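# Architecture at a glance
The lines below spell out each chain.
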Amino acid sequence: MASPASHSRSVIFAKRNILYNVAVRPSCLLFSTNDTISDGQRKPSPEKRWMKSQKNSPRSDHLSWEERLADVVTPLWRLSYEEQLEIKQKHQQRILSQLARHLTGDPQGSPVRGKPPFPVLPVLPSPVRDGYRNKSTFSVNRGVDGNPKTVGFYVGTARKGDIVCVNGDHLLNMPEKHKLVARCYQDFLRLSPLEPCLLFHSGGHWREVTARTNAEGHTMAIVYFHPQGLTREEVAAHKADLVEYFTLGPGSVCQLDSLYFQESGMTRCTHEESPYRLLHGQPHIYEEVLGYKFRISADAFFQVNRAAAEVLYTTVRHLCFPTPEDGGGTTKPGGTLLDVCCGTGAIGITISPRVDRIIGIELIEQAVEDARHNAALNKVLNCEFVAGKAEVVLPAAMSQLSAAGGGPLAAVVNPARAGLHHRVVRALRNQPAIRRLVYVSCKPDGEAMRNFRELCCAPDPRKKLWGDAFSPTLAVPVDMFPHTPHCEVVLLFER
């Protein structure tokens, strides 16, 4: 009879095969199912070579402005894609080793380098490496030539007072349509009698522009504007000039499907605080992921790399509810998924065929409205979306589920960089019916690490963490952002 340890290893290897065979198949297969990361089998680490080149590189004064900007926005642009993946792999292993140290009660210790006590699979590559962003926001400030009506990205810092706005036409992660929108917006600003708003207290009006596109090339532009002391009539006249430029003037080359305008005296605000006004075209564009269609509103969150999002959502689907073909034990769909921080419902909707019921919880009401629309658009009938704080909604949802009975219960969380509020972690931890939890993190070395520790620590009455601890059993990094050091990681916790 096999020992428990050997059984555990077989489960791990089954999971490993699932993710290579299923999640990577649509993309470029860089790893086989037998791949392992072994330092002793490789040439000197690309990470070391890259860090050494950064250290020994000439002062940025000797670089062109384009190179300086590329180093800020896409720091890995000089490396081959295979080398970029190696750097990200090492980085994720270091981060997850921190979690291992906390789990062993030795946060200052040093476990075997790159060897967390659970498998960390090789990074799943992005199927698209260049021009993958479907959303880009361009700033307005003084350019290299001193012109304050320059549209691009910042080099320098406000603290040092050396900010320069540099055109982003050369950046590898930007699609051509976004670059075109930015060039036209710059041309419009230089024709406008109004000054740009560089600092709120110093006056000016025109601010950033955001370009959003889908796989079919449909384009939405969102222009941000500070009214300062202008009258309603004056603002309306400048909005009319903007519409004319992008529909009948030189900007018509952008072929905008939607043109939005947000008028606000704050740096960042929601649709509720300051509504997005549709000046031209359709109110939404639509994107398709894994055969499902999703509505994109002006301020809706959507993964910036659509092709890699398919890899990400496929990975989440197989970890939440594995089927026999995945190496799992269930023979038919069933059970319930709690989709916490569900946004516009993409994860829940793509998992919906595998479960009886999806309950999505989201704080932002506009996102919940979009999620409900997306479920109806795709004729998905087993999803319900609730607006509110997860720590408030979860207990009521769990009581309802307990009364109804049903199959297995799993949870997936996909929070912003700030991670989950500690009360949300507490609510998940204290629900004993949740045996499997999938955490999708875009910054696992940030606040998410606190979430990981609270999910896995021993019961702690002082923190009101009464439920049994979760254990991390698998980590799957997914490269959503080629040419940058950033990487999403999908962590499976079980108890």
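Small disclaimer: the values here were computed from a predicted structure and weren't measured.

Procedures and definitions
Residues numbered from 1 in each chain as written. Predicted model: local features only at pLDDT ≥ 70, side-chain atom pairs only at ≥ 80, totals over all residues. Heavy atoms only, no water. Salt bridge = Lys/Arg side-chain N within 4 Å of Asp/Glu carboxyl O. Helix = DSSP H or I, 4+ residues; strand = E, 2+ residues; numbered from the N terminus. Buried < 20%, exposed > 50% of the residue type's maximum accessible area, 1.4 Å probe, protein only. Contact = heavy atoms within 4.5 Å. Core = buried A, V, L, I, M, F, W, Y, C linked by side-chain atoms within 4.5 Å. 1 Å grid on protein atoms, 1.4 Å probe; cavity = no way out; pocket = protein on both sides within 12 Å on 5 of 7 lines; lining within 4 Å. Points joined across faces, edges and corners; volume = space filled by probe spheres on them. Nonpolar A, V, L, I, M, F, W, Y, C, P; charged D, E, K, R; others polar. Right-handed = clockwise from strand over helix to strand, strands pointing away. Pairing = 2+ DSSP bridges.

## Things to note about the pattern of salt bridges
- This model, assessed by the stated rule, comprises 14 salt bridges.
- We note a salt bridge from Arg78 to Asp71, for which the minimum N-O separation is 2.5 Å.
- Two residues, Lys443 and Asp445, come together in a salt bridge whose shortest N-O distance is 3.8 Å.
- Linked through salt bridges whose partners overlap, the residues forming this network are Glu447, Arg450 and Glu454.

## Notes on the environment of Met220
- Relative to the elements of secondary structure, Met220 occurs in strand β5 (residues 219–225).
- The buried category is assigned to Met220, whose relative accessible area is 0%.
- Apart from residues no more than four positions distant in its own chain, Met220 is found in contact with Thr210, Ala211, Arg212, Ser258, Tyr260, Pro283, His284, Ile285, Ile296, Ser297 and Ala298.

## Some thoughts on the nonpolar core
- In this structure, Val316, Val438 and Val490 are the most contacted members of the largest nonpolar core, which totals 50 residues.
- A total of 8 residues in this core trace back to one element, the largest contributor, which is helix α7 (residues 306–320).
- With residues up to four places along the chain from it excluded, the contact list for Val438 reads Val316, Leu319, Cys320, Ala411, Val412, Val413, Val490, Leu491 and Leu492.
- Met398, Val424, Leu428 and Ala448 belong to the second largest nonpolar core, which has 35 residues in total.

## Details of empty space enclosed by the protein
- All chains considered together, the criterion is met by 1 cavity of 30 Å³ or more.
- By volume, the largest cavity is sized at about 50 Å³.
- Along its surface, the largest cavity is lined by Asn134, Arg212, Thr213, Ile285, Glu287, Ile296 and Phe302.
- Listing elements by their share of the lining of the largest cavity, those giving two or more residues are β4 (206–213) and β8 (285–289).
- Each residue belonging to the lining of the largest cavity can be placed in one class, and the counts come to 3 nonpolar, 2 polar and 2 charged.

## Points about the pairing of strand β6 (residues 258–263)
- A large share of β6 lies buried, amounting to 6 of its 6 residues.
- Of the two faces of β6, the one carrying Ser258, Tyr260 and Gln262 and the one carrying Leu259, Phe261 and Glu263 are both buried.
- After leaving β5, the chain enters helix α6 (residues 232–247) and then returns to the sheet as β6, a path that is right-handed.
- Alignment of β6 against strand β7 (residues 276–281), held across 5 bridges, turns out to be antiparallel.

## Some remarks on unusual backbone geometry
- Of note in this structure, Gln228 is not a glycine but carries a positive phi near 50°.
- The residue Gln228 is located in the loop between β5 and α6 in this model.
- Unusually for a residue other than glycine, His483 sits at a positive phi of about 75°.
- Along the chain, the position of His483 falls in the loop between β15 (471–478) and β16 (488–494).
- Owing to a relative accessible area of 7%, His483 belongs among the buried residues under this scheme.

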